[in-house]
Amino acid sequence: MADREELLKTLKELGDEEFKKFKRHLQQLNIPGGSSVIPKSDLEKADRSDAVDKIVETYNQQSVEVVRKILKKINRNDLVEKLSNTNTGAHGTDMDGNKEKQSVNISEEGNRKKQQTETETLLSRLHLLDKYEQKLTPADFLKIVPPVKHHHDTSEKDLAHTFLQKLMMLDYRARYIPVRQDSPEVTRDPVLDDLDDFDDFDALFSTSVDYDQTKQFHVHPMDVQMSVFHCSDSFLKQIMITKLSQCQYALPLLVPDPVTMDIECPLWTFRQIAKSWKITQTKGDSNVVTRKSMPICKAETPMVSFLRLGSLSVSKSQLMNTLINDCHSTFFHRNCPVSTKSRHLMDGVAEIAWYCPAGKPNDAFTDCIAFCNLHGDALVIEKQREILMEKSSVNVVLLPTLERGDRSTTVISDLLKSSKPLICLIVDNDCGAVKIKEGKYKMGLKDRSCSDVSEELKGIIGNILSGPHSSFQLETMAEVSGIRVDEDDTVCKKGKSAAMKIVNLLKGMDVLKIKDEFLPCQGKLWHDWCKINKEQYRLKGNIEKKKCKIQQELEGIRREQCAASRSDLIKLFIGSLSSLPSEERKYFLKWIQILLDALSTDDLSSIIQKYDEKWSEILDLMKKHDKSDQLTKKQTQLEEISAELQSATFCLEHIFREIGQIYEAHKSLQNQRKTDWCKYPELAAELMISGHPMELMDGDAGHVPLTWISSLLDEVIMKLGDQRVFVLSVLGVQSSGKSTMLNAMFGLQFAVGAGRCTRGAFMQLVKVSEEMKKDFQFDYVLVVDTEGLRALELAGNTTVHHDNELATFVVGLGNMTLINIYGENPADMSDILQIVVQAFMRMKKVKLSPSCVFVHQNVADISAAEKNMDGKRRLQEKLDQMAKLAAKEEDCDADCFSDVISFDVKEDVKYFAQLWEGSPPMAPPNPGYSESVQELKNFILSKASQSAETTLSQFKSNIKDLWNALMNEHFVFSFRNTQEISVYRKLEVQYGNWTWTLRSNMLMIENQLHTRIEYGKLDKVEISYLHKEMSKTYEEIKKGMKTFFDDDRDKEMLAQWRRRFEIKIKEFHDDQVREVKRKLDVIQQKKACKKMDDKKTEFENKLLQKSKELAHQLKDKTRDEKELEKQFNSVWSSWVTELTGDIKPIEDIKLEEDQSTILQELGIEWSLIHESKTCGRYKKISEIGDYLHYVTPKKSRDLVSQAAKTVLHYLRMSLQYEEQNLIRSFIEDVEQQSLSLIKSKPVATRGYSLTYLQEVAKNVKEKVTKFESKRKYVLKKEFTVDLLLYVFDKTGSWISESHKTFKKNNDALTYVESKKIQHYYIFKSFFKGNSSAVVLGELICEKLKVSTVEAVCNKTTIDLAVEMKCRFPAFNGNRLDLEKHVLKSLAEKEDFDGLINYIYHPRDQTESFIKEEVEKYIFTKHKDKALKILKKNVEDINKLVSRALFTATEKVKTQRGDIDMWLKEFSSLLEDELTFDRISSQNFSDIKHFDFLKDAIEKGLASIIEELSSLSLDKMKEFRLKPDQILIDQLCNCCWVTCPFCAAVCTNTLEDHSPDDHSTPFHRPGAIIGEHYRNTVEMSIDFCTTNVASDGCFYRRHDSEESIPYKLYRTAGPEYANWRITPDESKLPYWKWFVCRFQEQLEDHYTLKFQDRGEIPSEWRKYSKEEAIKSLDEMCE
């Protein structure tokens, strides 16, 4: 080639106009097969030197030829000749030997710069420029993003992302994305306009039209692919190449770097590709087909390489496609859609694809063959050409006819001399295939059809490869010198090195034994654990002992697992996972996956081959209806092969399964040693967050490792927060394409493959992009993939039960479940439809509401609307039929599928095209399938946007609830919705807060009105007034409720209770109003006693007058204090007699005498009464454990003595705990009814009457008689006596207190005597000569003293109640929290009597607990806080009185009022807070100086306040309001229904919570309430929560002969039907400790024994009190 100086010298001989023409022609020049034209912008201002540089940079060795052509065009043939003479040829050497070398270097540098510029331009157009350095990662694409539009043009900026999104969905049209052009109009070439010497003819036949350079060709599809490839990190590259392989596209094997031009082999990107094919071999007269499957990197196959020399008219890539797949463009070629001439990144790229035969007669080749295609002119791409020539088994070269001396002759000569077979395809020759010599062929392509050439070429290649030939293995590319291999990167090598340490442990081992050796925890030990664990739900006989034995066995297995854990493999795995940096860890995990898959490939292939053969044999026998032993034998053999398959399968999921089992074993034993098992969930959580699928259900064991999964999700929540998720689960038959569909839909990594696929269930998180979050209620889609129903491997292993279990579990977990059906014939779906419908039926019964979508895959014509409608109709009919069957199975009503779940057959059924476009293994995915996937994804997301949100913590709870319920035979009865329970408890707490706000506000209103009533300022309280006073608080509560139900994150779940709680709050509000109205109706009674009130006023006035007169009489006669007192006392008696002499005094009542009289009137002997009173037996009647001594058999005229003895024996041995409970409940009912009856009497207002007790006694006697009539025994007189005395004792205290109140308010003598001290002080004050103002001031202060103490104490009582309700843990939660603290208190004190009282009288004990805790809180633990509250209230009262004094005084002075006005004003200002008795003004009419009166009162007030400041808290006990009673009223207004089995109290905060069931976590052994076995003294130690999971039975009554299975306990009657008793697998230490701690006391109390069947298991005795108390918190979770 001429050097630069010769070209420059030539151009300098051109004139300026000639040089301009030269540049114009240069712009429109197009060298066939060569480089691009020089951009117009580069030439416009270029001088001759610049032009030469551009020519050399662009055309390299063709530079001279280019210049010569243009010189001819501008008629400068003289310069053409001169340039030819100075040029020695394309390969000539200049006289100066170094000059050509220097020119080549300049050319290469220019070429590199040009390539770099073009690459930058390309990446900029695709908006990828910033991603060349900062690579794209899988996280950028494995998330929910706006959907791809299939049939719309895409702008260049979106081209790369659209390509990847389509590729992820296996849409091979990702290569053929239409690009939106800026303008569709044709553009006229401005250059042609400027060329004067161009005529129309020249313009018409010009080979290159230079369009405006701003008008670019759209980006070449392969440039898009390679741009994305170059801008991706190694993991995205790997995913991308794997997807391209699945799309049956060729993959880049040798790739020049677009900047440095270094050649790279991306070996890493091939590592996840596996290929399957069938080899056909002729043996004798028959063909033998052998299945083969392996990672493609490991496959040793022949490789046929295709090269071209020079620029040719024939498409090499198109020809190759005819050899591999005539219907699919494996290699992109010039005739593909949206192809362009402009291509920047493909020259020098070598692509590879594999032909995989199907084992059929029409296979092109009988074995797998690799085909490699070198893009570009192999003549100038020397390095890649040499590598392929070396590695190939056969070289195929496309070239024109050559002349000696041509550059291509050297290449061809080398190939002819090589031992490698060579096929030369001569494009301008029409000769047929000719064998030149052994292994060397030539064939002409001119005027021959592509199919002819292809068939002839297949024959030649097949013939060559049938003989000896070299093989190619991808992994050997790492040995090629002069190229870079991506696996040589340091991070990749470190990751592989760590993985190899693990794999080296396994090398040489029998694959079937690897898991037993290195993963012992998940094999037999784990399977045995699962089997034994399930036995806990099938218990019979001595249930608790068996349960203890099972738990010991389970613990033993866990100990074995702990001992076996930490194998070398696990140590290495955990060590690498923990210590490797992030990038190296990613490589490590990938390498582990790759290497483990490769390890078992050969074994798995042979086992699957055996499995297929055996399955075919069984199918043949079944077709013949052969039921012989041969069929059974072959089925057994199939089971054995299946077990082998299971053992041979060894991959990353098994290592994580082992880690999970190690964690569960240590966790269950509470192993506190500082080992690394604690961090396992954190490591797994990091992987799950990064997109790694995690095993949810172990498919081999058929079990969910709850402890591991819970801890794993806890860690995910810890790292991400409690994110909102939409749970999408999938169900379908085996090999129906579930995993493939999910992978295509979300770009996931679930394992796919034919034959045995997913086992169990896996979960994977898919992030929702920020731009999509605004439309959805969730942050992630959590996808749950499952094994196929009716899996062939599981045939014969309780398949139906397994499938039902899996379907129920998966349906329950999902917000939506995809029901994947292969084909469209409903008859083929019957089994799966029945399983699915039954699962949805169960969800309906446990109040879960998932949705579903049916997906029919492999449908031939998805566009046939009429056919699809008919298919949907048949599906609807089948679903309705299955719904009826499932309804019978689950015992509920349903006539059609829509009764079970909200379902629209028009919307919720989707049809999918078949996955493959043709026959595998060479068929690409069907584009229609990708479209169906995208449409389904859009539909799912649209449904999801309307779905209730689920949090990760709720998902965790759902897993536990569903699995625990599935462990039981009766799922619906056993299901315990932890999340719903948690939300309901939260609602209960809110309800408690709302009702407390209403109650505390009403207390304040009541307190104010009570003060006014006492003060005589209020005659009547209207209920409308109370409603008005409460309205503001009530409206605030309603507003708060609305906010809570509308905005809480669990609002969808809360909605079911909203209306009920709104009604309950209204009822509570109305009840509070009515109750206060009832209390304040004493106003009416005050009116009835108006006469007494008037008398009191009269007494006050007369006493005051007499005191004043006596003081004046004795004035100046004596100064002695004692004498004054004596004189006052001497006249006081006469005053009292004078005032009350004509009024009969009210006598004290004598209750004991009255009670005895009533009992004797009832005919009860005095001796019985005296005996009971003396020993105090009656006081314990409600608490004793055995009532046998109170009963005797009924006598009958026909009852012989022997029968009587039998009944007596029956009573002694069989007064079952049910009967004992009935007697005890009867006593409680009688007590409550008697109290209610006596409290309805107006004792406080009208006094006590003997008839009240007589009515009570008569009522008790009638109740006893009625109770006896329904029993087989009678109650002795002793029972009646004790019961009556017990009732009298309970009612007596109330009667006494009420009568005291009556006497205090209505006895004149008592009232007058109570005023003695007060009037003595008035007398003394007058005696001292004090003015009326001073005396009145002292009188007012005396009255204020009493009322301020009461006001302070009442306000402090309310404030302390509020303080404790809000701050004290036992009181500030819901009913469950209170119950828990009651039990804790009883255990801490080890108070047996208290515990017995709690068991028999839970409400009484709870009230006692509240009183005790209030006492401790106020007087011990928080005394300082209580005193602080008290002092604040004293200050508030002081301020109130001071303000009243000032206001009253100022008003009287301003209005010139008198003392009467002052007293009225002053009292009115205090009437809301203080009870201030009226003072008559007639004795103080002389007061004129009100400031003096004010000063006198302020002086007295100061001493009152000082005295109040040191007031004792005990003083509160003397007044109307009590903090403990306020809290009892609030906290005990709840449900007190007891469990029909163990008498545990329902812990619902609402008293009437229908239709919700009664429930409690505090169920206990029957022995606690005296339960024992029939006709024995053996106490029952069984828990009802264990019984309901067992196969045992019970009698609904002690005298019943009909037994009912515990699992059907709800059918035993109303008292059972409304209880939710869920099986509890926990150890319930609290009650076990209780039984052991109080064994002797319980035996004595019930006169029964813990023996034989009731013997206490030794396991129970290991629990300490601390563990028992701690377990209460766990029971409440």
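Scroll up a little and you will see the structure.
Residues numbered from 1 in each chain as written. Predicted model: local features only at pLDDT ≥ 70, side-chain atom pairs only at ≥ 80, totals over all residues. Heavy atoms only, no water.

**Student:** Run through the overall build of the chain, naming residues and quoting values.
**Tutor:** For the chain, the helix and strand inventory stands at 62 helices and 27 strands. For the chain, buried positions account for 55% of its 1677 residues. By sequence separation, contacts in the chain at least 24 residues apart represent 75% of the contacts at least 6 residues apart. On the chain, roughly 74,700 Å² of surface is accessible, and the fraction owed to carbon and sulfur atoms is 48%. (Helix = DSSP H or I, 4+ residues; strand = E, 2+ residues; numbered from the N terminus. Buried < 20%, exposed > 50% of the residue type's maximum accessible area, 1.4 Å probe, protein only. Contact = heavy atoms within 4.5 Å. Areas by Shrake-Rupley, 256 points an atom, 1.4 Å probe, with all protein chains shown as cover.)

**Student:** Kindly report on the packing of aromatic side chains, identifying the contributing residues and their values.
**Tutor:** For the structure shown, the criterion picks out 49 aromatic pairs. Each ring, one from Trp 994 and one from Phe 1044, has its centre 5.7 Å from the other, and the planes form 80°; the classification is edge-to-face. Pair noted here: Trp 994 is in helix α35 (residues 978-1015) and Phe 1044 is in helix α36 (residues 1023-1047), with a separation of 50 residues, a long-range link. Both residues of the pair, Trp 994 and Phe 1044, belong to the buried class. (Phe/Tyr/Trp six-rings, centres within 6.5 Å; stacked < 30°, edge-to-face > 60°.)

**Student:** Summarise the sheet that holds strand β12 (residues 434-437); cite the residues concerned and give the values.
**Tutor:** What the ten strands build is an open sheet, ordered β12-β13-β11-β10-β7-β9-β8-β2-β3-β15; its pairing is mixed. Strands at the two margins of the open sheet, each flanked by one partner only, are β12 and β15 (484-485). As defined by bridge partners, strand β2 (residues 251-256) adjoins strand β3 (residues 263-265) across two bridges and the pair is classed as antiparallel. The partner of Pro 256 across the bridge, within β3, is Ile 263. Strands β7 (303-308), β9 (369-374), β10 (394-399), β11 (422-426) and β13 (440-444) of the sheet are contacted by helix α16 (residues 450-466), whose axis makes an angle of about 175° with β13. (Pairing = 2+ DSSP bridges. Axes fitted to C-alpha atoms, helices over the stretch in contact; angles between N-to-C directions.)

**Student:** How would you explain the pattern of salt bridges if you had to name every residue and give the values?
**Tutor:** Oppositely charged side chains may form a pair once their charged atoms are brought near each other. In this structure the tally under the stated criterion is 78 salt bridges. Asp 1673 serves as the salt-bridge partner of Lys 1380, at 3.1 Å between the closest nitrogen and oxygen. With Lys 1380 in helix α51 (residues 1375-1389) and Asp 1673 in helix α62 (residues 1665-1675), this residue pair connects regions lying 293 residues apart in the sequence. Classification of Asp 1673 as partly exposed rests on a relative accessible area of 33%. In the salt-bridge network here, residues are joined through shared partners; they are Glu 653, Arg 657, Glu 695, Asp 698 and Asp 700. (Salt bridge = Lys/Arg side-chain N within 4 Å of Asp/Glu carboxyl O.)

**Student:** Quick one: what's the story with the packing of helix α41 (residues 1151-1161) against helix α46 (residues 1250-1269), residue by residue and with numbers?
**Tutor:** One can describe the packing of α41 onto α46 by two numbers: an axis separation of 10 Å at closest approach and a directional angle of 45°. Taken together, the axis directions place α41 and α46 in an arrangement best described as oblique. Classified by chirality, the crossing of α46 by α41 is right-handed. Of the residues in α46, those in contact with Leu 1151, Asp 1154, Gln 1155, Ile 1158 and Glu 1161 of α41 are Leu 1250, Leu 1253, Gln 1254 and Ala 1257. Classifying every residue of the contact of α41 with α46 by side-chain character gives five nonpolar, two polar and two charged. (Parallel < 35°, antiparallel > 145°, perpendicular 65-115°, else oblique. Left-handed = near helix turned anticlockwise from the far one by under 90°. Nonpolar A, V, L, I, M, F, W, Y, C, P; charged D, E, K, R; others polar.)

**Student:** A description of the pairing of β13 should follow, citing residues and the corresponding values.
**Tutor:** In terms of residue burial, β13 counts as a mostly covered element, since four of its five residues are buried. Sheet analysis places β11 next to β13, joined by five bridges and oriented parallel. Looking at β13, one finds that Ile 423 is bridged to Tyr 441. By the bridge criterion, three bridges tie β12 to β13 in an arrangement that is antiparallel. Each residue of the ladder has a partner; that of Val 434, found in β13, is Lys 442. In this antiparallel pair of consecutive strands, β12 and β13, the connection spans two residues, and Gly 439 shows a positive phi of 80°.

**Student:** Give a description of helix α42 (residues 1166-1175) that names residues and reports values.
**Tutor:** Buried within α42 are the following residues: Leu 1168, Ile 1169 and Ser 1172. Angularly, the buried residues of α42 cover 100° about the axis, an arc narrow enough to put them on a single face. Here the buried face of α42 lies against α41 and α47 (1277-1306). A positive phi of about 70° marks Gly 1176, the residue just after α42. (Arc of directions from axis to C-beta.)

**Student:** If you had to explain the environment of Leu 309 to someone new, which residues and values would you point to?
**Tutor:** Tracing the chain through its elements places Leu 309 in the loop between β7 and α13 (316-324). Exposure remark for Leu 309: the relative accessible area of 1% places this residue in the buried category. Taking the C-alpha atoms as reference points, Leu 309 and Leu 399, 90 residues apart in sequence, are found 5.1 Å from one another. In contact with Leu 309, not counting residues within four places along its chain, are Asp 377, Ala 378, Leu 379, Val 397, Leu 398, Leu 399, Pro 400, Ser 408, Val 411 and Ile 412.

**Student:** An account of the side chain of Gln 954 is needed here, citing residue identities and associated values.
**Tutor:** Summarising the element assignment, Gln 954 is placed in helix α33 (residues 952-966). At 3.0 Å, the side chain of Gln 954 forms a polar contact with the backbone nitrogen of Thr 951. Once residues within four sequence positions are removed from consideration, Gln 954 is found in contact with Glu 949, Gln 979 and Asp 1050. (Polar contact = N/O pair within 3.5 Å; in protein donor to acceptor, adjacent residues only side chain to side chain.)

**Student:** Got a sec to walk through the nonpolar core? Specific residues and values, please.
**Tutor:** One finds Leu 254, Trp 354, Phe 371, Ile 423, Leu 474 and Met 477 to be the most contacted residues of the largest nonpolar core, which totals 114 residues. With sequence-adjacent residues up to four places away left out, Leu 474 is seen in contact with Leu 253, Leu 267, Phe 270, Ile 296, Cys 297, Ala 299 and Trp 354. In terms of nonpolar packing, the next biggest core, distinct from the first, is built from 111 residues, Val 727, Ala 761, Leu 879 and Ala 965 among them. (Core = buried A, V, L, I, M, F, W, Y, C linked by side-chain atoms within 4.5 Å.)

**Student:** An account of a negative patch on the surface is requested, with residue identities and associated values reported.
**Tutor:** Residues Asp 891, Asp 893, Asp 895 and Asp 899 make up a contiguous surface patch of negative charge. Relative to the helices and strands, Asp 893 is located in the loop between α31 (865-890) and β22 (909-913). Take Asp 893: its relative accessible area is 74%, and that puts it in the exposed class. (Patch = residues over 30% accessible without salt bridge, like charges linked within 9 Å, V, L, I, M, F, W, Y side chains within 5 Å. Lys, Arg positive; Asp, Glu negative; His and termini not counted. Charge placed at Lys NZ, Arg CZ, Asp CG, Glu CD.)

**Student:** Quick rundown of the pairing of strand β17 (residues 724-732)? Include the residues and the values.
**Tutor:** Most of β17 sits inside the fold, with eight of its nine residues counted as buried. In terms of strand pairing, β17 meets strand β23 (residues 950-951) through two bridges, oriented antiparallel. Across the sheet, Arg 724 pairs through a bridge with Thr 951, a residue of β23. When β17 meets strand β19 (residues 780-786), the two strands line up parallel, connected through five bridges. Bridging across to β19, Leu 728 finds its partner in Val 783. Note that β17 and strand β20 (residues 816-822) share five bridges and pair parallel.

That's the geometry; what it means functionally is another story.
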